[in-house]
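Single-letter residue listing:
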Amino acid sequence: MKNEPVKEIRIKGIGASSGIAIGMSFDHEVEGQPIVRRTVSAPRIEAEVRRLSQAISVAKVELVKIREDAGRAIGHRLAKIFEAELLILEDSEFFKQVAAEIRKSQVNAEFAYQRQVSRTVKSLTASEDRYLREMADDIRATAGRVLANLVGSVSQKLRNNRGKIAFANSFSPGEVVLMDKYRIPGFACTHGGPTSHAVLVARSLSIPAVIGVTGLFQKCPGDCKVIIDGDAGLVIGNPSSETVSYYRTEAKKRQSLKSKQLRNLTRIGNTTRDGRRIEVCANIDFPSETDKMLSAGQVGVGLYRTEFFYLSQNQFPTEEQQYDIYRGIAETFFPRSVTLRLFDLGSDKMSKNHQAQEEINPALGWRGIRFGLDSVDVFKTQVKAILRASEWKNIKIMLPMVSSAQEIGRAKRMIRAAMKELKHQGVKFDEKIEVGIMVEVPSAALISSTLARHVDFFSLGTNDLAQYTLAVDRGNKKIAKLYRELHPGVLKLIKMTIDASAAASIPVSLCGEMAGNALAIPLLIGLGLKIFSVIPPSLPRVKRMISRMEYIECRELADRVMMQTTTEKVEALLRKWYAERFGEKDVEL
């Protein structure tokens with residue numbers, strides 16, 4: 001009997017990062033990886049026990065965050081299950097039993113831990129209580145998290161699967177960085193939001209990605225041929241030869257079109273039809289060949305994230321390492337300006353060695369300017385490197401996650417101290433370098449008229465501004481539908497900030513995803529925004545849209561929008577306006 005051909009499978013998700021990737025898939029989740037018994041020599045026994053302790057501590061930090069997200073999203077019952085799992089992780093007797101097994105049998109930590117977990121799960125599975133039987137499944141998952149930390153690092157798994165497409169429940173920003181390093185062509189995951197940090201990094205690195213793929217592992221198991229279409233939000237398993245041929249041709253077309261569009265940016269004007277000048281800049285996460293293409297297209301940088309230094313090596317770079325990179329960036333884009341944002345690192349991005357403490361909600365924790373002001377050496381090292389590279393006089397410094405004038409005052413005093421040190425060393429730098437802030441915390445928007453007196457520019461970070469204003473975790477799939485950047489409350493904070501900047505005669509840009517939203521662009525122009533900062537692939541489209549609009553009609557539209565009382569009414573009005581002028585095609589929300 002002949003084998004029947006394997007049927008092509010198409011799974012719909014959310015297109016998170018544009019592009020096409022074709023290749024074999026691999027399961028990035030460590031759960032299920034075989035645990036092999038190894039004999040540990042007597043001198044290494046205590047090191048093995050310490051390795052177990054560290055793996056459990058890391059798993060606990062991860063689980064606390066998951067428990068908090070689950071509690072907000074789907075209630076207390078699931079949170080109680082996580083509490084039961086945490087009790088196992090924190091159970092000193094359980095740890096002692098595993099440690100005793102390691103010492104007595106002289107075996108590796110993962111083998112001893114798995115055996116002890118199996119005993120616990122076995123007793124729960126045999127129970128007549130359905131709740132306890134269900135708990136056993138969650139405990140297996142928790143054990144898998146500990147075992148993942150024991151079996152091998154993420155970097156080893158990615159390194160061993162070069163050229164393959166990664167599947168997982170979710171990915172961290174650091175993992176996406178490693179994907180670029182180890183030539184992972186694309187990824188798909190079951191969780192995540194379109195504005196999560198991992199997705200933002202993927203977009204800047206042009207790594208195709210599809211998120212929110214329900215049934216990914218069941219419908220498309222690891223080690224099969226797949227296609228990732230990050231534009232359409234499709235994962236295609238077991239593609240036919242015709243499908244593969246189509247997507248290979250399509251990938252070449254899209255890449256060619258992208259390169260051509262970036263090269264031809266100078267042909268697109270920088271004004272509206274009635275002569276209002278609107279600048280369109282780029283958001284960049286990592287130095288790459290795209291920088292040179294953008295420079296040739298006379299594009300400046302409204303946001304250059306500097307976290308790539310840390311994410312790529314899990315340690316803070318030296319002043320000299322940073323200076324070399326910043327100097328290269330300044331030279332590449334000269335005479336266009338480049339706004340370098342200081343490290344915006346939270347516990348979700350930092351390794352455990354650099355975290356002050358475990359954080360249940362990193363988005364509301366020790367990150368941004370809070371981290372910088374407390375980590376004086378890290379802050380001063382970065383600022384001195386930027387100042388040394390500012391000799392070209394086209395670099396600006398941006399402070400992330402500012403919420404008060406006091407934070408600005410402390411940061412500027414530290415910057416002046418760095419300047420004083422360089423002067424004593426006889427180092428030249430831009431003594432009039434501009435210092436601005438990200439307005440991404442509601443309190444900053446609410447007191448923007450006060451903050452404007454202390455800085456040279458504003459940059460609206462609408463991704464976080466919307467998240468904090470709406471109390472919606474932008475990476476939580478359960479409540480992703482509540483994340484609405486066109487919510488009237490968010491729009492009022494944006495208008496307040498733009499008005500404050502105009503009154504103080506300082507520039508304001510917008511560098512969030514909203515800047516590339518086709519429906520939002522005319523509204524933002526009407527509110528008075530003159531500087532957009534978007535990811536490189538969006539530059540041609542945004543510039544073309546702006547060149548086809550008139551400021552006067554955008555202002556009339558903004559006046560009408562700001563009178564609306566619901567997000568639905570705002571979106572309906574913007575859709576109607578867009579359709580009347582451009583047709584329904586390519587409308588984005």
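What you are looking at is a predicted structure, and each value in this text was computed from that prediction instead of being measured. In every chain, residue numbers begin from 1 and rise along the written sequence. Predicted model: local features are reported for residues with pLDDT of at least 70 only, side-chain atom pairs are reported and counted for 80 or more only, and whole-chain, interface and lining totals are derived from all residues. No hydrogens and no water enter the side-chain calculation; it runs on all heavy atoms of the structure.

## Notes on the overall build of the protein
Convention followed: Here a strand is any run of E in DSSP of at least two residues, a helix any run of H or I of at least four, and the numbering for each starts at the N terminus. Only protein chains enter the accessibility calculation, which uses a 1.4 Å probe; a residue whose area is less than 20% of its type maximum is buried, one above 50% is exposed, and one in between is partly exposed. Here a residue-residue contact requires only that any non-hydrogen atoms of the pair lie within 4.5 Å. In short, Shrake-Rupley with a 1.4 Å probe defines the accessible areas, and a residue's cover is counted only from the protein chains shown.
Looking only at helices and strands, the protein features 24 helices and 16 strands. Classification of the 589 residues of the protein by burial places 53% in the buried group. Considering only intrachain contacts with a sequence separation of at least 6, the fraction spanning at least 24 residues in the protein is 70%. Accessible surface computed for the protein: about 27,000 Å², of which carbon and sulfur atoms make up 50%.

## Examining the packing of helix 23 (residues 551–561) against helix 24 (residues 567–582)
Selection rule: Working convention: axes come from line fits to C-alpha atoms, limited for helices to the stretch in contact. Angles between N-to-C directions cover 0 to 180 degrees. Any angle that falls under 35 degrees is termed roughly parallel, while one over 145 is termed roughly antiparallel, one within 65 to 115 roughly perpendicular, and all others oblique. For a crossing to be left-handed, the near helix must be turned anticlockwise from the far one by less than a right angle; the clockwise case is right-handed.
It is the contact of helix 23 with helix 24, at a shortest axis distance of 10 Å, that shows an interaxial angle of 160°. Of the possible angle classes, the one that applies to helix 23 and helix 24 is roughly antiparallel. Viewed along their axes, helix 23 and helix 24 form a crossing whose handedness is right-handed. Contact residues: Glu553, Cys554, Leu557, Arg560 and Val561 in helix 23; Val570, Leu573, Leu574, Trp577 and Arg581 in helix 24.

## Side note on the nonpolar core
One broad trend across soluble globular proteins is that nonpolar side chains are buried collectively. Quick reminder of the rule: Only buried residues count toward a nonpolar core, which is a set of Ala, Val, Leu, Ile, Met, Phe, Trp, Tyr and Cys residues joined through side-chain atoms within 4.5 Å.
Core analysis: the largest hydrophobic core is formed by 123 residues, its most contacted members being Phe187 and Ile494. Those residues within four positions of Phe187 in sequence are excluded, and the remaining contacts are Ile165, Ala166, Phe171, Val176, Met179, Ala202, Ile207, Pro208, Ala209, Val210 and Ile228. Listed in part, the 24 residues of the second largest apolar core include Ile35, Phe94, Ala99 and Ala112.

## Quick word on the side chain of Glu48
Counting through the fold element by element, Glu48 comes out in helix 1 (residues 45–74). Those residues in contact with Glu48 that lie beyond four places of it in its chain are Arg38, Val40, Ile102, Val107, Asn108, Ala109 and Glu110.

## So, the packing of aromatic side chains
Operational definition: We call Phe, Tyr and Trp rings a pair once their centres come within 6.5 Å, taking the six-membered ring for Trp, and we label the pair stacked below 30 degrees between planes, edge-to-face above 60, and tilted otherwise. Put simply, a charge is over a ring when the Lys NZ or the Arg CZ is close to the ring centre, within 6 Å, and near the line of the ring normal, within 35 degrees.
Summed over the entire model, instances satisfying the criterion amount to 7 aromatic pairs. The rings of Phe316, Phe343, Trp366 and Phe371 are connected pair by pair, giving a single aromatic cluster. Lying over the aromatic face of Tyr323, Arg388 brings its terminal NZ or CZ to 4.1 Å of the ring centre. The cationic tip of Lys396 hangs over the ring face of Phe457; the distance from NZ or CZ to the ring centre is 5.4 Å.

## Brief notes about the sheet that holds strand 13 (residues 435–439)
To keep it simple, the criterion reads: Should DSSP find at least two bridges between two strands, the strands are regarded as paired.
Taken in spatial order, the 8 strands of this closed barrel run 9-10-11-12-13-14-15-16, and their pairing is parallel. Across the sheet, the mean angle from the axis of one strand to that of its neighbour is 30°, orientation sign disregarded.

## Concerning the sheet that holds strand 5 (residues 187–189)
Spatially, 1-8-7-3-4-5-6-2 is the arrangement adopted by the 8 strands of the open sheet, whose pairing is mixed. At either margin of the open sheet sits one strand with a lone partner, and together these are strand 1 (9–12) and strand 2 (14–17). For this sheet, the mean inter-axis angle between neighbouring strands, taken without regard to orientation, is 30°. Across 5 bridges, strand 3 (residues 20–27) lies against strand 7 (residues 225–229) in antiparallel orientation. Within strand 7, the residue paired with Gly23 across the bridge is Val226.

## A closer look at the pairing of strand 10 (residues 301–305)
Put simply, the rule is: With the strands pointing away from the viewer, any crossover whose connection runs clockwise from the first strand over the helix to the second is right-handed.
Judged by how many residues are buried, strand 10 sits mostly within the fold: 5 of 5 residues are covered. As paired elements, strand 9 (residues 279–284) and strand 10 share 3 bridges and run parallel to each other. Counterpart to Ala282 in the pairing with strand 10 is Val301. What joins strand 9 to strand 10 is helix 11 (residues 289–296), and the crossover it makes is right-handed. Relative to strand 11 (residues 338–341), strand 10 is paired through 3 bridges, and the arrangement is parallel.

## Description of helix 11
For clarity, the cut-off: The arc in question is the one traced by the directions running from the helix axis out to the C-beta atoms.
Listed as buried for helix 11 are Thr290, Asp291, Leu294 and Ser295. Projected down its long axis, helix 11 shows its buried positions confined to an angular sector of 140°, all on one face. Structural note: helix 11 exposes Glu289, Lys292 and Ala296 on the side pointing more than 90 degrees away from its buried face. Within two residues after helix 11, Gln298 carries a phi angle of roughly 60°, on the positive side.

## Details of the environment of Gly233
Of note, Gly233 is situated in the loop between strand 7 and strand 8 (234–237). In this structure Gly233 comes out as buried when scored by relative accessible area, which is 0%. Note: C-alpha distance between Gly233 and Ser18 (215 residues apart in sequence) is 8.7 Å. Filtering out sequence-adjacent residues up to four positions away, Gly233 remains in contact with Ile11, Lys12, Gly13, Ile14, Gly15 and Val210.

## Side note on a nonpolar patch on the surface
Using the following cut-off: Two distance rules govern patches: like charges are joined within 9 Å, and nonpolar side chains (Val, Leu, Ile, Met, Phe, Trp, Tyr) within 5 Å, applied only to residues with over 30% relative accessible area and no salt bridge. Put simply, a salt bridge is a Lys or Arg side-chain nitrogen that is within 4 Å of an Asp or Glu carboxyl oxygen.
On the surface, a nonpolar cluster with roughly 250 Å² of combined accessible area is contributed by Leu446, Ile447 and Met496. Turning to its location among the elements, Leu446 is positioned in helix 17 (residues 442–446).

## Comments concerning the pattern of salt bridges
In total, this model carries 26 salt bridges according to the counting rule given. The salt bridge partner of Lys384 is Glu319, with a shortest N-O separation of 3.9 Å. In this pair, Lys384 is assigned in helix 15 (residues 376–389) and Glu319 in helix 13 (residues 319–333), connecting sequence segments 65 residues apart. Two residues, Lys384 and Glu421, come together in a salt bridge whose shortest N-O distance is 3.1 Å. Taken together, the residues span a long stretch of sequence, with Lys384 in helix 15 and Glu421 in helix 16 (residues 405–424) at a distance of 37 residues. Judged by relative accessible area, Lys384 falls into the buried class, the value being 8%.

## Comments concerning unusual backbone geometry
Peptide bonds are trans in most cases, and residues, glycine excluded, mostly fall at negative phi. With an omega of 5°, the peptide bond running from Phe334 to Pro335 counts as cis. Along the chain, Pro335 turns up in the loop between helix 13 and strand 11. Positive phi values are uncommon outside glycine, yet Gln106 reaches one of about 50°. Within the secondary structure layout, Gln106 lies in the loop between helix 3 (92–105) and helix 4 (109–125). Within the chain, Ala471 stands out as a residue other than glycine whose phi angle is a positive 55°.

Any link to function would need more than the numbers given here.
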